Amino acid sequence: MNNLYLTNSLTRKKEIFKPINKENVGIYVCGPTVYSEVHLGNCRTFVFFDTMVRYLKFLGYKVRYVRNITDVGHLENDADEGEDKISKKARLEQLEPMEIAQKYTNDFHKVMNTFNAIPPDIEPAATGHIIEQINMVQQIINNGYAYVVNGSVYFDVSKYIDQGYDYGELSGRQVDELISGTRNLDGQSDKKSPNDFALWKKADSSHIMKWDSPWGKGFPGWHLECSAMSSKYLGSSFDIHGGGMDLKFPHHECEIAQCVGSGCEKPVNYWMHGNMLTLNGKRMSKSTGNTILPEELFNGSSSFLEKAFSPSVVRFFMMQSHYRGVLDFSNDALLASEKGFKKLMEAFSKLKKTSFNQGKEDENIINKINSICTSCYKNMNDDFNTPKLIANLFELVAIINTLDQKNSFNTIGAETHLFMLKTMSGFIEDVLGLEAQNKNHAQLTEELINMILNLRAEAKKNKDYLLSDKIRDQLTSLGVKIKDGKDGTTFVVN
RNA sequence: GGUCUCGUGGCCGAGUGGCUAGGCAGUGGUCUGCAAAACCAUCUACAUCGGUUCGAAUCCGAUCGAGACCUCCA
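Just so it is clear, the structure is predicted and the values come from calculations on it, not from any experiment.

## Observations regarding the pattern of salt bridges
And then number 1: Within this structure, the stated rule accounts for 18 salt bridges.
And then number 2: Across the pair Asp404 and Lys350 runs a salt bridge whose closest N-O atoms are separated by 3.7 Å. Remark: Lys350 occurs in helix H11 (residues 331-353) and Asp404 occurs in helix H13 (residues 386-405); sequence separation between them is 54 residues.
And then number 3: Judged by its relative accessible area of 34%, Asp404 falls in the partly exposed class.
And then number 4: Where Asp484 meets Lys460, a salt bridge forms, and the shortest distance between an N and an O atom there is 3.4 Å. Of this pair, Asp484 sits in strand S14 (residues 480-485) while Lys460 sits in helix H15 (residues 441-461), and the two are 24 residues apart along the sequence.
And then number 5: Among the charged side chains, a network of salt bridges with common partners joins Asp50, Arg54 and Arg315.

So this is what it looks like as structure tokens:
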């Protein structure tokens, strides 16, 4: 197994990756809250983690990839009041809350599938794990890290700190600063301290999504589901926990506290965070409306774009930047990526089609190819450096095109030829998850036949019956039956 | 206000104490009936000001600018 390094948000350092169980890797990624369509910014995170999972598998690890669906509506603000998002949407769309959750879960799956993302091995929903969440809350209460007020349960951050734990270790925050930076909001009267967060919230009569609990009817706190479900499916200590940068605080910080509070000293070994996708220099966000939906991208209907772009091009565009950096989205950047993507795929297809003949081998070029191919691994092992990997692939593109032009593929030898082919298909298809675009084949075929028929009509018009008959005969032998009629020619494909 | 990140050539976007990132666009060639593609060559860089160093775009400090988090969000 290669030496894989990744940036651990917990230590803020690049660390060598050592799974708890030698060959098995457990990964949990925070999934979407399904109250509206996923936008492109959401997709960036999931596409990156998809690439990461693909690479781990490519290296030979057995991966268990868990990504949740948040289908419990959480409150719209920190005041712990107001309508939850799913209920609100349900009211607006006049649907059951679970219809909303299902509708947007379906949408999410469709989009991820379009992006050629491999589905997670387990995709637990928060509403399906209420019992686990209640048990976890009970555990935390039993350990003395939570208190019950008016049917709600809150995590006691001060107690946690008193016991020597570091609330803020992940996000690098100081609790004193947190307090001073917190605005005074109404509705926090139940909490002992503004830093405390809800594990379980009491539901009032108007609340639709609620469950029985030892503390009365209510619903779980936002951070709880991930703690409960990750430990259920990956064990109380697992390898990698991922999510968007915006979840680092408070969500992931709270997750750590909950797990520790329930009795696990070190829930996660490596925390990984993908950075934001910006649009016009501003973060894409559902709540501000600064978004592009994947669908708008694929059909070109967004006002930010002059044309449609294919999912693979968008994926390629995302992979051309490093996951930890902010990526700004623009029409021009996408156009450039599209051209580059086509160039890459054309060269790759050229290589695949090459029939190999033995010939005099050229050591220089062979060494160069081997070195570039090795570099692909090296760069991916360096914190999943996909932009550098892509640079490597383009170096191979240049070599392929040169060999093709000089018709000298035989100079690289059978072994190197195969190695290059395997490296390229491995990284392009298996790791980056890119697919050549060959859509609308049926439509293209029809257009091609019509084009040929038009040429035949021209030949007939010029009384070049030799050519027109030749076209008809050859089409017939291909299974295309021509019918000349008064109003032109039609055809049937057998 | 607090915490943090970043500032690379026409655009996107890597990286690094001294050695070509890469893609797109531009320019000059090769090729070509024309075009496209491809190939060869080539031009634009490392926010500003100081400091450390034999040497810094890369380390340190200051300044200016941008963004993220601190409140639901991938």
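Having seen the structure, we can now continue with the description.
## Concerning the packing of aromatic side chains
And then number 1: The full count for this structure, using the stated rule, is 26 aromatic pairs.
And then number 2: Plain terms: the ring middles of Tyr55 and Phe384 are 6.2 Å apart, the flat faces sit at 90° to each other, and that makes the pair edge-to-face. Linking Tyr55 in helix H1 (residues 40-58) with Phe384 in the loop between helix H12 (363-381) and H13, this pair joins segments that are 329 residues apart in sequence.
And then number 3: One Lys or Arg, Lys159, reaches over the ring of Tyr145 and ends 5.7 Å from the middle of that ring.
And then number 4: Looking at Lys192, its charged tip hangs above the ring of Tyr147, at a distance of 4.5 Å from the centre.

## Re the state of the cysteines
And then number 1: Per the stated rule, a full pass over the model turns up zero disulfides.
And then number 2: Summary of cysteine pairing: Cys43 is not part of a disulfide, and the nearest cysteine sulfur, belonging to Cys30, is at 16 Å.
And then number 3: Since its relative accessible area comes to 0%, Cys43 is described here as buried.
And then number 4: The thiol of Cys376 is not disulfide-bonded; the next cysteine sulfur, from Cys373, is found 5.8 Å away.

## Details of the sheet that holds strand S8 (residues 218-220)
And then number 1: Strand order across the open sheet formed by four strands is S5-S6-S7-S8, with antiparallel pairing between neighbours. Pairing within the sheet leaves two strands with one partner each, and these edge strands are strand S5 (146-149) and S8. Geometrically, the sheet is characterised by an average inter-axis angle of 20° between neighbouring strands, direction not taken into account.
And then number 2: Note: strand S7 (residues 197-202) against S8, three bridges, orientation antiparallel. Of the residues in S8, the one forming a bridge with Trp200 is Pro220.

## Some words on the domain arrangement of chain A
And then number 1: For chain A, the assigned domains read domain 1 (7-274), domain 2 (282-431) and domain 3 (441-493).
And then number 2: Domain 1 and domain 2 are separated by 34 Å when their C-alpha centres are compared.
And then number 3: At the junction of the two partners, domain 1 supplies 33 residues and domain 2 supplies 36 residues.
And then number 4: Counting each side, the surface lost to burial between domain 1 and domain 2 is near 2900 Å², with a carbon and sulfur contribution of 66%.
And then number 5: When the buried area of domain 1 at its contact with domain 2 is split by residue, Leu40, Arg44 and Tyr55 rank highest and sum to 25% of it.
And then number 6: Taken together, the links from domain 1 to domain 2 amount to three salt bridges.

## Description of the pairing of strand S2 (residues 13-16)
And then number 1: Two elements, strand S1 (residues 5-8) and S2, share four bridges in a ladder whose sense is antiparallel. Looking across to S2, one finds that Tyr5 is bridged to Ile16.
And then number 2: Turn length for the S1-S2 hairpin, with the two strands adjacent in sequence and antiparallel, is four residues, and the turn residue Arg12 shows positive phi of about 60°.

## Overview of the protein's contact with RNA strand B
And then number 1: In the vicinity of RNA strand B lie 53 residues, with Lys85, Trp222, Gly244, Leu247 and Arg283 positioned nearest.
And then number 2: Sugar plus phosphate: this is where 75% of the atoms of RNA strand B within 4 Å of the protein reside.
And then number 3: Interatomic distance of 2.6 Å between a side-chain N/O atom of Gln405 and a sugar or linking oxygen of RNA strand B.
And then number 4: Of all elements in the fold, only H1, helix H6 (175-181), strand S9 (238-244), strand S12 (282-283), strand S13 (327-329), H11 and H13 reach the threshold of two or more residues within the surface near RNA strand B.
And then number 5: Broken down by element, the surface near RNA strand B gets its largest block of residues, eight residues, from H13.

## A look at a negative patch on the surface
And then number 1: On the surface, Glu361, Asp362, Glu363 and Glu415 cluster together into a patch of negative charge.
And then number 2: Residue position: Glu363 is located in helix H12.

Rules used in this analysis
Residues numbered from 1 in each chain as written. Chains lettered and ligands numbered in written order. Predicted model: local features only at pLDDT ≥ 70, side-chain atom pairs only at ≥ 80, totals over all residues. Heavy atoms only, no water. Salt bridge = Lys/Arg side-chain N within 4 Å of Asp/Glu carboxyl O. Helix = DSSP H or I, 4+ residues; strand = E, 2+ residues; numbered from the N terminus. Buried < 20%, exposed > 50% of the residue type's maximum accessible area, 1.4 Å probe, protein only. Phe/Tyr/Trp six-rings, centres within 6.5 Å; stacked < 30°, edge-to-face > 60°. Lys NZ or Arg CZ within 6 Å of the ring centre and 35° of its normal. Disulfide = S-S within 2.5 Å. Pairing = 2+ DSSP bridges. Axes fitted to C-alpha atoms, helices over the stretch in contact; angles between N-to-C directions. Domains from an automatic or database assignment. Contact = heavy atoms within 4.5 Å. Buried area = accessible area lost by both parts, 1.4 Å probe. Near = heavy atom within 4 Å. Polar contact = N/O pair within 3.5 Å; in protein donor to acceptor, adjacent residues only side chain to side chain. Patch = residues over 30% accessible without salt bridge, like charges linked within 9 Å, V, L, I, M, F, W, Y side chains within 5 Å. Areas by Shrake-Rupley, 256 points an atom, 1.4 Å probe, with all protein chains shown as cover. Lys, Arg positive; Asp, Glu negative; His and termini not counted. Charge placed at Lys NZ, Arg CZ, Asp CG, Glu CD.

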